[in-house]
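One-letter residues, chain by chain:
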Amino acid sequence: IGGRSIFSAFPGYGHTAGVLNPGTSRAVMVVSNPAEPFYFENENCWGLWLPMFRPTADPAIDSSGAWPYGDHFRGRRRLWEHRFQLHFKKELDGPLLLGLQFDQYVPFSGASKQMSNLVVAALKRVSGPDLYHSCGEDPKIVGADAEKPILSMPLWAFDQFIFTEAGEKPPSLNDPNFAKLGVLQTTNRKHFITKMKQLQLQPGPTYTFAFWGISQIVDCVKWDIAGVLPMRISFNKLCGQPPVDCTLYTLKSDKGTGGTNETRHFERRKNYLFRLTFWSSLTPLSKERVAAMFPLRKLTAVTAVDDASDAKRSVASKIKAKGFFGQVFECCTARPT
């Protein structure tokens, strides 16, 4: 297909990196601000994803606009924007949810718990009161089925939506005029929420979403939260250490103790449509941690694709593990001290 490997040039500024489909045979390395969107696929759907992040750790580069998507971010307060384009293979088994999930349980002291509550309250003011939050459960006490720490938002937490009928060509995620397309939450929030609540996701049409609302608070490149307390709050105060998972998922119905409907977001209840494990280049992972996300010795390097029709045919190129890890580890893992 047309496109280029993301490993031809990692950003020379602070950026985010991650692994799509970690721990599976489809695991691929990704990095923010690609020229073209990334392709993903699973048993539930296939789609494209474009992650755009301001270089907030490098103010001179940010203000110059001389970085991919700098023109789009000029005059806007958002720090990042995710664009998703989804093609469903089957009916979903529940409402689509957008989640930020932590891999490990972090016990909170009284002060830490209060800080966490302030952050959640700030996020609810932006994304709406339907945000679900759980500090998770201690697997040492509850067992392997413990709920992981998570922030989860319904479909109407997205900020932009574009519907494309089956057989019609959807917009390109990197279209310079993308921001003018579809319906926006900022135009009429009540109308937008009503439309999202009534939306039926099914095979056939193409569903395109953009999400940036909470980015004014959540700085993924600097790996902290701003505007909640007088000082900035490191993500690690909430998640322990990187990485964090960004997910799209549904929940299976589950009866809890006594026959009541289970409300916790257990892993056994989740069907993932999109799963990204990500971190900042300012808080890199160890080589061993990244390597563990790839179950195969020969790894898949994701290729940026030119449009959705090309994406469906073939999206990956194989490269030798040694060459792959040399490029990935040079940029996105911790240096030895």
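For the structure given in this document, a descriptive report is provided here.

What follows concerns the side chain of E137. Examined against the element boundaries, E137 turns out to sit in the loop between strand 8 (132–134) and helix 4 (139–142). Relative accessible area serves as the criterion here: at 17%, E137 is assigned to the buried category. Contact partners of E137, with chain neighbours within four places excluded, come to Y105, V142, A146, E147, R264 and F266.

With that out of the way, let us pick up helix 5 (residues 189–198). Spacing of three or four residues puts side chains on the same side of an α-helix, whose turn is 3.6 residues. Of all the positions in helix 5, only F192, I193 and M196 are classed as buried. All buried residues of helix 5 fall inside an arc of 95 degrees around its axis, so they share one side. Exposed and facing more than 90 degrees away from the buried side of helix 5 are K190, K197 and Q198. Buried residues belonging to helix 5 abut strand 10 (160–164), strand 11 (183–184) and strand 12 (206–211).

Before going further, it helps to examine the sheet that holds strand 5 (residues 45–53). Ordered by their spatial adjacency, 6 strands build an open sheet running 4-5-6-12-10-11, and the pairing between neighbours is antiparallel. In this open sheet, the two strands that pair with only one neighbour each are strand 4 (38–41) and strand 11. Relative to strand 12, strand 6 (residues 80–88) runs antiparallel, the two sharing 5 bridges. Considered in strand 12, the bridge of L86 is made with Y207. Here helix 5 sits on the sheet in contact with strand 10, strand 11 and strand 12, set at roughly 45 degrees to strand 10.

So, on to the layout of surface pockets. Computed from the structure, the largest pocket encloses a volume of approximately 270 Å³. Along its surface, the largest pocket is lined by R77, R78, V126, S127, A157, D159, Q185, T186, R189, W212, G213 and Q216.

To continue, consider the sheet that holds strand 13 (residues 218–219). An order of 13-14-15 is seen for the 3 strands of this open sheet, with the pairing classed as antiparallel. The sheet is open, and its two borders are formed by strand 13 and strand 15 (233–234), each paired with just one other strand. Relative to strand 15, strand 14 (residues 224–225) runs antiparallel, the two being bridged by 2 bridges. The residue bridging I225 from the neighbouring strand is I233, located in strand 15.

Moving on, we get to empty space enclosed by the protein. Evaluation of the coordinates by the stated rule reveals 2 cavities of 30 Å³ or more. Residue lining of the largest cavity: 39 residues in total, with L100, F102, V218, V244 and F278 positioned closest to the centre. Taken together, the residues of the lining of the largest cavity sort by class into 31 nonpolar, 8 polar and no charged.

Definitions and cut-offs
- Residues numbered from 1 in each chain as written.
- Predicted model: local features only at pLDDT ≥ 70, side-chain atom pairs only at ≥ 80, totals over all residues.
- Heavy atoms only, no water.
- Helix = DSSP H or I, 4+ residues; strand = E, 2+ residues; numbered from the N terminus.
- Buried < 20%, exposed > 50% of the residue type's maximum accessible area, 1.4 Å probe, protein only.
- Contact = heavy atoms within 4.5 Å.
- Arc of directions from axis to C-beta.
- Pairing = 2+ DSSP bridges.
- Axes fitted to C-alpha atoms, helices over the stretch in contact; angles between N-to-C directions.
- 1 Å grid on protein atoms, 1.4 Å probe; cavity = no way out; pocket = protein on both sides within 12 Å on 5 of 7 lines; lining within 4 Å.
- Points joined across faces, edges and corners; volume = space filled by probe spheres on them.
- Nonpolar A, V, L, I, M, F, W, Y, C, P; charged D, E, K, R; others polar.

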